[in-house]
Structure formats: structure tokens, C-alpha cells
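So the chains spell out like this:
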Amino acid sequence: MNRLLRINSIRIINSLRAKATSSPKKSDFEHCISYVKDTDFNFYLSTLIMPKRIVRSAFAVRAFSIELLSIGRSRTNDPSSSTISQMKLKFWQDQLKKIYDAQTMDPEGKLRLKLFEPISNELAVVVQNHKLAKSWLNRLIDGRRQFFSSPQFRTLDELEKCADASMATVYYILLQCMNVKSLDCDHAASHLGKAEMLTGIARNILKQSSQVVFYLPIELLTKHGIAQQDLINFSARVLKPKQNNIKDLAFEICSRANQHLKSARSLNDKIPKECKTIFSSAMHLEVILKNMEKYDFDLMDKRLVNDFRLGIIYKT
């Protein structure tokens, strides 16, 4: 953290930390910052430049979103693994209940709720500072539960509904924290959330350790002649003959992501100036998509793989 705070671009965090001196929330805030930084460096950077009054809340909400997205599912759909995932979702639902029950009993926040989990503590601050409705944070949990509700998405439309519930909701919440009510902002948030999920799926199709195979719609796998089991087992011998099929699959997903990105950007002039930095993540999504295009969407191209590893697109 000390190194981080010496960087000029993080003056916002310095001022927030100064206000939190001797507060038990200080370490919780730092935890959220580090968690976002370590898991998604580009979103960490885009969060830093958000309006000062919501930076702390933005890190908490983003950390909560990442934590939910880290809840995976077994490649073999093992019932015990599914049970564990559902238990984790139940844990977060219980945490939210504690936060909002405390808010009901103590609306002025005179008695600070202290939970053992740092992200929960920061979410309590978000709820207290912005009077955030419980339905917004629950929507993130419901979006993740939707991922577990069926063995596989059937269509891109189904996948995009999940993206709106899980990814776009982060932007809806930040707009709520800014007290901004705008249909144009909501539309931009929806398109950006969908572009975010689709871009992440496209670039991770061949990452053996990811859960991305469960996101790939059946209609696309069938259309491009790719078996789900091939991706789960991940054999270069099996996939090499299907290199062009995988390129076409990545291209179609990236094309849809790019459509959403363009739709979000087309609303730029209608978005209040103070809200534009909330949507700054569009910049790195555009970089990813352009880099994919540069290498003809070939996820087996070592140059593209090296770009990912070197952090040209993402810090990994």
C-alpha cells in the first residue's frame, strides 16, 4: 500500500484515508482497493478517476461484484460443488440482511455495524452514505444465481440478460450513489455491462482455469462446430483442427460486444459530465477488442497470448 500511495494518481485515496484515520474502516477500505487492484487492474484504474465522493463506494461495490463472480461452478457439475456455491451466495445474502437490519434500527448510523468480513463492512458504509436500496445489491446476487440456474445458456440473449443483472448493475449502483436518474445513463450502463461480460468471455475462451465454458451459449457452440466437452478437457490436439472455428466463435462474441460498446459511446453527449468517468472502463474494453481484431481473433496466436501475459490488455 505504501508504494501505491506514493503514486501521484492516487491522491484521492490519500484524502479519503486521512478522513478515516483511527477508524476501523481504514483497513476494510484498503482491502477493497487491493482486492480490485489484484484481480482486475484496469477496473482498478478506472475506479480511481471516478468522482471523489463515490470512490470509496465504487471500490466496495466493485469488490463485492468481483467476489460474487469468483464463485464458480464445477466442470463436472458435481452436486456438492453446486451446494457450496449456493451456500456462498446465501452467505452474502445474509450479510446484506444484517446490513439493512442495522440500517433500519439505526438510520442515522450512530452505531457503526462491524462485521468480520471487510467487503461487508464497506458495503455497510455505502448503504449508510447513499441510502442505497437493498434491491440493487441483491440484484448482483440474483445475477450470479442466474448463472447457476441452468446447465448452459442457450442463446446470446439469455447471456446478455445475465450480463445486465450482474455486470451492468455495478454501473446502476454507482449512478444511484451519484443520485443520478437518467434513462440515457441507464441505457449506457446496460450496454457497457453487456460489452464487459462478452469481451471477458471472448478473451478467455481457451483459458482452462476459467469458468467461461459455462457462459458460452449452446447456439454459438453448435453453429461453430465446437463441443463444450472439448473446451472443458482442453486438449491442444483436439482444438488445433478447430482453430478457425474458435476464431469465428470469438469474432461473433466480440462483434456483439463491440455493438454494445458503440451503443454506449453513442450516448456520450447525453450523459452528464460528472458521470462520464463512471463509464471510463469503456476505454480498456475498446483496447481489448482492437487487439483481438489485430490478431484476427485467433486465441491460439502466441502473439495475442503474449500480449495478455505482458499486461498490454490486462494485468495478469
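Here's what I pulled together on the structure shown here.

### Digging into the environment of Ser166
Then comes step 1: Along the polypeptide, Ser166 turns up in helix H9 (residues 156–177).
Then comes step 2: Accessibility expressed as a relative area gives 6% for Ser166, which makes it buried.
Then comes step 3: Put simply, Ser166 and Leu140 are 26 residues apart on the chain and 5.0 Å apart in space, counted from C-alpha to C-alpha.
Then comes step 4: Contacts of Ser166, omitting those with residues within four sequence positions, involve Ser65, Leu140, Gly143 and Met197.
Then comes step 5: There is a polar contact of 2.8 Å between the side chain of Ser166 and the backbone oxygen of Cys162.

### A look at unusual backbone geometry
Then comes step 1: Although it is not a glycine, Asn179 adopts a positive phi angle of roughly 60 degrees.
Then comes step 2: Note on placement: Asn179 falls in the loop between H9 and helix H10 (183–203).
Then comes step 3: Backbone geometry places Phe297, a non-glycine residue, at a positive phi of 60 degrees.
Then comes step 4: If you trace the backbone, Phe297 turns up in the loop between helix H15 (282–294) and helix H16 (302–309).
Then comes step 5: Given the relative accessible area of 11%, Phe297 is considered buried.

### Here we look at the packing of aromatic side chains
Then comes step 1: Tallied over the entire structure, the rule returns 10 aromatic pairs.
Then comes step 2: Aromatic pair Trp136 and Tyr172: ring centres 5.8 Å apart, planes at 50 degrees, arrangement tilted. Taken together, the residues span a long stretch of sequence, with Trp136 in helix H8 (residues 134–148) and Tyr172 in helix H9 at a distance of 36 residues.
Then comes step 3: The residue whose ring lies beneath Arg56 is Phe29, and the NZ or CZ to ring-centre distance is 5.5 Å.

### Re the packing of helix H14 (residues 243–266) against H15
Then comes step 1: H15 packs onto H14 with a crossing angle of 145 degrees between their chain directions and a minimal axis gap of 11 Å. Seen from above, H14 lies across H15 with left-handed handedness. Contact residues: Ala250, Cys254, Ala257, Asn258, Leu261 and Arg265 in H14; Ala282, Met283, Leu285, Glu286, Leu289 and Met292 in H15.
Then comes step 2: Among the residues making up the contact of H14 with H15, the classes are represented as nine nonpolar, one polar and two charged.

### Topic: the pattern of salt bridges
Then comes step 1: Per the stated rule, a full pass over the model turns up 16 salt bridges.
Then comes step 2: The partner of Arg53 in a salt bridge is Glu274, with the nearest N and O atoms 3.7 Å apart. Residue Arg53 is located in the loop between helix H4 (41–48) and helix H5 (55–69), and its partner Glu274 is located in the loop between H14 and H15; the two are separated by 221 residues in the primary sequence.
Then comes step 3: Look at the salt bridges and you will find they share partners, linking Asp157, Glu160 and Arg256 into a network.

Cut-offs applied
- Residues numbered from 1 in each chain as written.
- Predicted model: local features only at pLDDT ≥ 70, side-chain atom pairs only at ≥ 80, totals over all residues.
- Heavy atoms only, no water.
- Helix = DSSP H or I, 4+ residues; strand = E, 2+ residues; numbered from the N terminus.
- Buried < 20%, exposed > 50% of the residue type's maximum accessible area, 1.4 Å probe, protein only.
- Contact = heavy atoms within 4.5 Å.
- Polar contact = N/O pair within 3.5 Å; in protein donor to acceptor, adjacent residues only side chain to side chain.
- Phe/Tyr/Trp six-rings, centres within 6.5 Å; stacked < 30°, edge-to-face > 60°.
- Lys NZ or Arg CZ within 6 Å of the ring centre and 35° of its normal.
- Axes fitted to C-alpha atoms, helices over the stretch in contact; angles between N-to-C directions.
- Left-handed = near helix turned anticlockwise from the far one by under 90°.
- Nonpolar A, V, L, I, M, F, W, Y, C, P; charged D, E, K, R; others polar.
- Salt bridge = Lys/Arg side-chain N within 4 Å of Asp/Glu carboxyl O.

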